[in-house]
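These are the residues of each chain, in order.
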Amino acid sequence: MSDPTLLFEAFHRNARVNAFLLDELTDADLARSDGQGGMTVAQLLSHMGASRGGWLQEMSPAFAASALALTGGESIWGWHTADRATLGAMLSAGDEAALQAVQAHLDSGEPFADPRGVDTFASHPAHFLLYMIVHDANHRGQIVALLRQSGASPERLDRLEQQWDLWRK
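Residues numbered from 1 in each chain as written. Predicted model: local features only at pLDDT ≥ 70, side-chain atom pairs only at ≥ 80, totals over all residues. Heavy atoms only, no water.

**A short note on the environment of Ala 137**
So, step 1. As for its placement among the helices and strands, Ala 137 is situated in helix H6 (residues 127-149).
So, step 2. With relative accessibility at 38%, the residue Ala 137 sits in the partly exposed group.
So, step 3. Expressed as a C-alpha distance, the spacing of Ala 137 and Asn 18, which sit 119 residues apart in the sequence, is 9.0 Å. (Helix = DSSP H or I, 4+ residues; strand = E, 2+ residues; numbered from the N terminus. Buried < 20%, exposed > 50% of the residue type's maximum accessible area, 1.4 Å probe, protein only.)

Okay, structure coming up:
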């Protein structure tokens, strides 16, 4: 993968899909859970946003600062909020930091650090972006399933399906 342009564009589209979903959710939606100890919708969104900073804290710490600043000193992996503006800010900050980190590592030719020996995207730094796209898609699916289980109307669920339009443009 010598030219990551298409992957960068896909990552930007993923961000638009996340923003679309966040805009469509109500405050009541953010509190929904499976009732069996699983994460709430707000916790899933928090995890989606914070995970970028969490990974960067490990493998390219210079780029994690913007995400870490939003946690108020709380551990990035334990951080969560139900505040929609803060969720959006964390997703945006994490996205920008991820893009900057990947570009910096591509430019330098240096791989990401691997302090825990877990092969942090050793094959190519841009795979971090692909990982986050798949990660987010998994959690968006969980969020839609929670909405469906809690009785969201078919019309509302159809509206959420419009996220696919963002991928095809």
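**Here's the deal with empty space enclosed by the protein**
So, step 1. By the definition in use, this model includes one cavity of 30 Å³ or more.
So, step 2. Here the largest cavity defines a volume of roughly 40 Å³.
So, step 3. Residue lining of the largest cavity: Phe 20, Leu 21, Arg 140, Val 144, Leu 160 and Gln 163, and that is the complete set.
So, step 4. For the lining of the largest cavity, the elements supplying multiple residues, two or more each, are helix H1 (5-24) and H6.
So, step 5. Its residues placed into classes, the lining of the largest cavity shows four nonpolar, one polar and one charged. (1 Å grid on protein atoms, 1.4 Å probe; cavity = no way out; pocket = protein on both sides within 12 Å on 5 of 7 lines; lining within 4 Å. Points joined across faces, edges and corners; volume = space filled by probe spheres on them. Nonpolar A, V, L, I, M, F, W, Y, C, P; charged D, E, K, R; others polar.)

**Here's the deal with the layout of surface pockets**
Gaps left between atoms are located by rolling a probe of water-molecule size over the structure's atoms.
So, step 1. The space that makes up the largest pocket amounts to roughly 170 Å³.
So, step 2. Along its surface, the largest pocket is lined by Phe 11, His 12, Ala 15, Asn 18, Ala 19, Leu 22, Gly 88, Leu 91, Ser 92, Asp 95, Glu 96 and Leu 99.
So, step 3. Contributions of two or more residues to the lining of the largest pocket are made by H1 and helix H5 (84-108).

**Comments concerning the side chain of His 124**
So, step 1. When you line up the elements, His 124 lands in the loop between H5 and H6.
So, step 2. In this structure the side chain of His 124 is engaged in a polar contact, spanning 3.1 Å, whose partner is the backbone nitrogen of Ala 126. (Polar contact = N/O pair within 3.5 Å; in protein donor to acceptor, adjacent residues only side chain to side chain.)

Purely geometric numbers; function is a separate question.
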